Amino acid sequence: MEKDMVDAPVAKRLVQVIIDNLPEPVPGRRPVHTIGMGVKGKFVASDVARTYCIAEHFNGQPVDVSVRFSNGLGGLEQHDGWSDVRGMATRFHLSDGRGSDLIATTLGEFFVRNVEDFFEFSEVAKLEPYPRRSPWRKILDILQLKVPARNPYPNETRSVDAGALRYANRHRFAQLGVFQVGLIGAPVSYARASYHAVHTFMVTAPDGVRRPVRFSWQPVAGVRNTKLTEVPRDKYLREELEDRLRRWPARFMLMMTIGEAGDALDDPTKPWPATRIRVVMGTLTLTEVPEDQEAAGERISFNPCRLAPGIEVSGDPILEARLGAYEVSREMRGGCPFRWS
């Protein structure tokens, strides 16, 4: 997909509605996933990967990789221990100096189907003061099979949870994603969470066969969250990963799920059946947290539509809209280095 195919006014609106709901502006930084860290590593494709996709990073040769892990909330406060969606943006550095990106989060499914849904969600799910809720209200929620609202964290005065739940109550398609967000928790490590790209992509095999697929990263060390009964800690995720990588590498398996007839190809709110074939496409080995974090992560402009030949976007309208929105965000941050195929 070319940049000039994106509706620029819509892309700017998408970014602006996100900025408008921030606790305070963050000039020169990402409006969401503001706090993050860059990590270096290598990706090696599995033996079967090349039989499914002709993209360069699946040919079996080691590929340099840049990863930016992040917290989902916008703003400059750390909140590592809060229940929050985490991000894993990956750049595969190709031999011609360009790259292929894969952007994933700990959210298994998205909460809106298209741009119009996103604008409506943004109007409803605004930050608002925490309402006082009695223990009886929580008991009633449980009896009605509702997720009870959590108690506010220390120093947390406003939350988006109430608005998101109202939106989910009105729109069935949003319920799975919003439900996941409410219970997602906090990982003990960026390297102990699974990350999902949520969108459908089309991959081309050497024989020309095109398949719809979804990608996810699975941690070799296993998934582990902090205890919900403990007081949330802040500013531990970067220190933990730095300490981990000083002792041994952290590894992720790249999993590719292959869609079948009847699966939703243009709707990231709909999960695919668990019976679908999953292929191990390769292993990512993370080895280093560079000192220059600006170059390692903050100044890399990831984009989910920046793909190597052999991987294409599907007809997912949210995925297509993200192309322009990420470009607008890049330009607002001063124009990070960015080269298109």
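Just so you know, these numbers come straight off a predicted model, no measurement behind them. (Residues numbered from 1 in each chain as written. Predicted model: local features only at pLDDT ≥ 70, side-chain atom pairs only at ≥ 80, totals over all residues. Heavy atoms only, no water.)

Caption draft 1: Local environment of the packing of helix α1 (residues 8-20) against helix α9 (residues 317-332). The geometry of α1 relative to α9 is characterised by a closest axis approach of 8 Å and an angle of 65° between their N-to-C directions. Taken as axis vectors, α1 and α9 run roughly perpendicular relative to one another. Here the hand of the crossing between α1 and α9 comes out right-handed. Only Ala321, Gly324, Ala325, Val328, Ser329 and Met332 of α9 make contact with α1, whose side of the interface consists of Ala11, Lys12, Leu14, Val15 and Ile19. Residue classes in the contact of α1 with α9 are distributed as eight nonpolar, two polar and one charged. (Axes fitted to C-alpha atoms, helices over the stretch in contact; angles between N-to-C directions. Helix = DSSP H or I, 4+ residues; strand = E, 2+ residues; numbered from the N terminus. Parallel < 35°, antiparallel > 145°, perpendicular 65-115°, else oblique. Left-handed = near helix turned anticlockwise from the far one by under 90°. Contact = heavy atoms within 4.5 Å. Nonpolar A, V, L, I, M, F, W, Y, C, P; charged D, E, K, R; others polar.)

Caption draft 2: Geometry of empty space enclosed by the protein. Applying the stated criterion across every chain, the model contains two cavities of 30 Å³ or more. Quantified by volume, the largest cavity comes out at close to 70 Å³. As for the largest cavity, its lining consists of His57, Phe58, Phe92, Ser100, Asp101, Leu102, Phe201, Phe215, Leu254, Leu307 and Ile311. Per-element accounting of the lining of the largest cavity gives the leading share, three residues, to strand β4 (residues 99-105). Looking at the lining of the largest cavity, its residues break down into eight nonpolar, two polar and one charged. Taken as a whole, the second largest cavity spans an internal volume of roughly 30 Å³. Considering the residues around the second largest cavity, the lining is formed by Asp101, Leu102, Ile103, Ala197, His199, Phe201 and Pro304. In terms of residues, the lining of the second largest cavity owes the most to one element, β4, which gives three residues. (1 Å grid on protein atoms, 1.4 Å probe; cavity = no way out; pocket = protein on both sides within 12 Å on 5 of 7 lines; lining within 4 Å. Points joined across faces, edges and corners; volume = space filled by probe spheres on them.)

Caption draft 3: Layout of the environment of isoleucine 300. Topologically, isoleucine 300 is positioned in the loop between α8 (293-298) and β12 (311-313). Using a relative accessible area of 9% as the deciding quantity, one classes isoleucine 300 as buried. Excluding residues that lie within four positions of it along the chain, isoleucine 300 makes contacts with Arg30, Ser66, Arg91, Glu294, Ala295 and Arg333. (Buried < 20%, exposed > 50% of the residue type's maximum accessible area, 1.4 Å probe, protein only.)

Caption draft 4: A look at the pairing of strand β1 (residues 36-45). The sheet contact formed by β1 and strand β2 (residues 63-71) spans eight bridges and is antiparallel. From the neighbouring strand, lysine 42 faces β2, where its bridge partner is aspartate 64. Relative to strand β11 (residues 278-288), β1 runs antiparallel, the two sharing six bridges. Note that in β11 the partner of glycine 41 across the bridge is leucine 286. (Pairing = 2+ DSSP bridges.)

Caption draft 5: View of the packing of aromatic side chains. Applying the stated rule across the entire model yields 12 aromatic pairs. With 6.1 Å between their ring centres and 70° between their planes, phenylalanine 43 and phenylalanine 58 make a pair best called edge-to-face. Taken as a pair, phenylalanine 43 in strand β1 and phenylalanine 58 in the loop between α2 (49-52) and β2 lie far apart in primary sequence, 15 residues in all. Per residue, the accessibility class of phenylalanine 43 equals that of phenylalanine 58, and both read buried. Ring centres 5.3 Å apart and planes at 80° place the aromatic pair phenylalanine 43 and phenylalanine 92 in the edge-to-face group. Highlighted residues: phenylalanine 43 in strand β1 and phenylalanine 92 in strand β3 (residues 86-93), separated in sequence by 49 residues. Comparing phenylalanine 43 with phenylalanine 92 shows no difference in burial state: the two are buried. Through a chain of ring-to-ring contacts, three or more aromatic side chains come together here, namely Phe43, Phe58, Phe92, Phe201, Phe215 and Trp217. (Phe/Tyr/Trp six-rings, centres within 6.5 Å; stacked < 30°, edge-to-face > 60°.)

Caption draft 6: Region of interest: helix α7 (residues 237-247). Of the residues making up α7, those classed as buried are Leu237, Glu240, Leu241, Arg244 and Leu245. Relative to the axis of α7, the buried residues are bounded by an arc of 125° and lie together on one face. Along α7, the residues that are exposed and aim more than 90 degrees away from the buried face are Glu239 and Arg246. (Arc of directions from axis to C-beta.)

Caption draft 7: Molecular detail of the pattern of salt bridges. Taken as a whole and assessed by the stated rule, the structure comprises 15 salt bridges. Among the salt bridges present, the one from arginine 68 reaches glutamate 298, with a minimum N-O distance of 3.0 Å. With a gap of 230 residues between them, arginine 68 in strand β2 and glutamate 298 in helix α8 connect regions that are remote in the sequence. No difference in accessibility class separates arginine 68 from glutamate 298, as the two residues are buried. Here aspartate 101 and arginine 91 are joined by a salt bridge, their closest N and O atoms 2.3 Å apart. Here the residue aspartate 101 occupies a position in strand β4, and arginine 91 occupies one in strand β3, the gap between them amounting to 10 residues. Overall, the relative accessible area of 2% leaves aspartate 101 in the buried class. Among the charged side chains, a salt-bridge network with shared partners connects Arg29, Arg30, Arg68 and Glu298. (Salt bridge = Lys/Arg side-chain N within 4 Å of Asp/Glu carboxyl O.)

Caption draft 8: Focus on the layout of surface pockets. As a volume, the second largest pocket reaches approximately 330 Å³. At the level of secondary structure, the elements contributing two or more residues to the lining of the second largest pocket comprise β9 (210-219) and β10 (250-258). With four residues, β9 is the largest single contributor of residues to the lining of the second largest pocket. Of the residues in the lining of the second largest pocket, the class split is eight nonpolar, five polar and four charged.

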